[in-house]
Amino acid sequence: MRELFVYYRVRVGHEATALSIVIALQTELKQRWPGLTTRLMRRPVEPGSPQTWMETYAMTSATNGDGVDAECERAIEAAALALATSIDGVRHTEVFVPAFPAVPSKGP
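Residues numbered from 1 in each chain as written. Predicted model: local features only at pLDDT ≥ 70, side-chain atom pairs only at ≥ 80, totals over all residues. Heavy atoms only, no water.

1. Focus on the overall build of the protein chain
Helices and strands together make up the secondary structure of the protein chain, namely 2 helices and 4 strands. Starting at the N terminus, the α and β elements of the protein chain follow one another as β-α-β-β-α-β. Based on the C-alpha atoms only, the size of the protein chain along its principal axes is roughly 50 × 30 × 20 Å. Out of the 108 residues belonging to the protein chain, those deemed buried represent 31%. Of the contacts formed within the protein chain by residues at least 6 apart in sequence, a portion of 72% connects residues at least 24 apart. Here the protein chain has roughly 6900 Å² of accessible surface; of this, 58% comes from carbon and sulfur atoms. (Helix = DSSP H or I, 4+ residues; strand = E, 2+ residues; numbered from the N terminus. Buried < 20%, exposed > 50% of the residue type's maximum accessible area, 1.4 Å probe, protein only. Contact = heavy atoms within 4.5 Å. Areas by Shrake-Rupley, 256 points an atom, 1.4 Å probe, with all protein chains shown as cover.)

See the structure below:
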């Protein structure tokens, strides 16, 4: 299952704007791709300091056994262009897949 981890720095004072953009884009993407799961996380920081945020994207195995495909990844990047004035630098996308096959859990 291919998952995406996207991180970037949010400009000080732009957190509220960036948050509303990310919520809107993730909501729209989940409507376009049923089974897409998203998260938004940030590193702990001191008030007034730049924040590093991370968006995560994964697909439930029932909807797409291969995970986030190239078409969905392109849509994520296109939607994220709305963040351009709220971030410092660029968004970095990392792709991860499971290192090992899932190990079935043992019953009771």
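2. Describing the pattern of salt bridges
Inspection of the entire model under this criterion finds 5 salt bridges. With its nearest N and O atoms 3.4 Å apart, the salt bridge here joins Asp88 to Arg11. Of the two residues, Asp88 is situated in strand E4 (residues 87-96) and Arg11 in the loop between strand E1 (3-10) and helix H1 (15-32); the sequence distance between them amounts to 77 residues. Take Asp88: its relative accessible area is 37%, and that puts it in the partly exposed class. Two residues, Arg91 and Glu77, come together in a salt bridge whose shortest N-O distance is 3.8 Å. (Salt bridge = Lys/Arg side-chain N within 4 Å of Asp/Glu carboxyl O.)

3. Comments concerning the sheet that holds strand E2 (residues 36-42)
The 4 strands are arranged E2-E3-E1-E4 in an open sheet whose pairing can be described as antiparallel. Strand pairing shows two members of the sheet lacking a second neighbour, E2 and E4, which therefore form its edges. Strand after strand, the sheet turns through a mean of 15° between neighbouring axes, direction not considered. Where E1 meets E4, 7 bridges bridge the pair, whose relative direction is antiparallel. If you follow Val6 over to E4, its bridge partner there is Thr93. Packed on one face of the sheet, H1 meets E1, E2 and strand E3 (51-59) and runs near 5° to E3. Strands E1, E2, E3 and E4 of the sheet are contacted by helix H2 (residues 70-79), whose axis makes an angle of about 165° with E4. (Pairing = 2+ DSSP bridges. Axes fitted to C-alpha atoms, helices over the stretch in contact; angles between N-to-C directions.)

4. Focus: the packing of aromatic side chains
Note on aromatic pairs: each is described by the distance of the centres and the angle between the planes. Overall, the coordinates contain 2 aromatic pairs when judged by the stated rule. Between Phe5 and Phe96, the aromatic rings sit 5.4 Å apart at their centres with planes inclined by 85°, giving edge-to-face as the arrangement. Pair noted here: Phe5 is in strand E1 and Phe96 is in strand E4, with a separation of 91 residues, a long-range link. Classification of Phe96 as partly exposed rests on a relative accessible area of 47%. (Phe/Tyr/Trp six-rings, centres within 6.5 Å; stacked < 30°, edge-to-face > 60°.)

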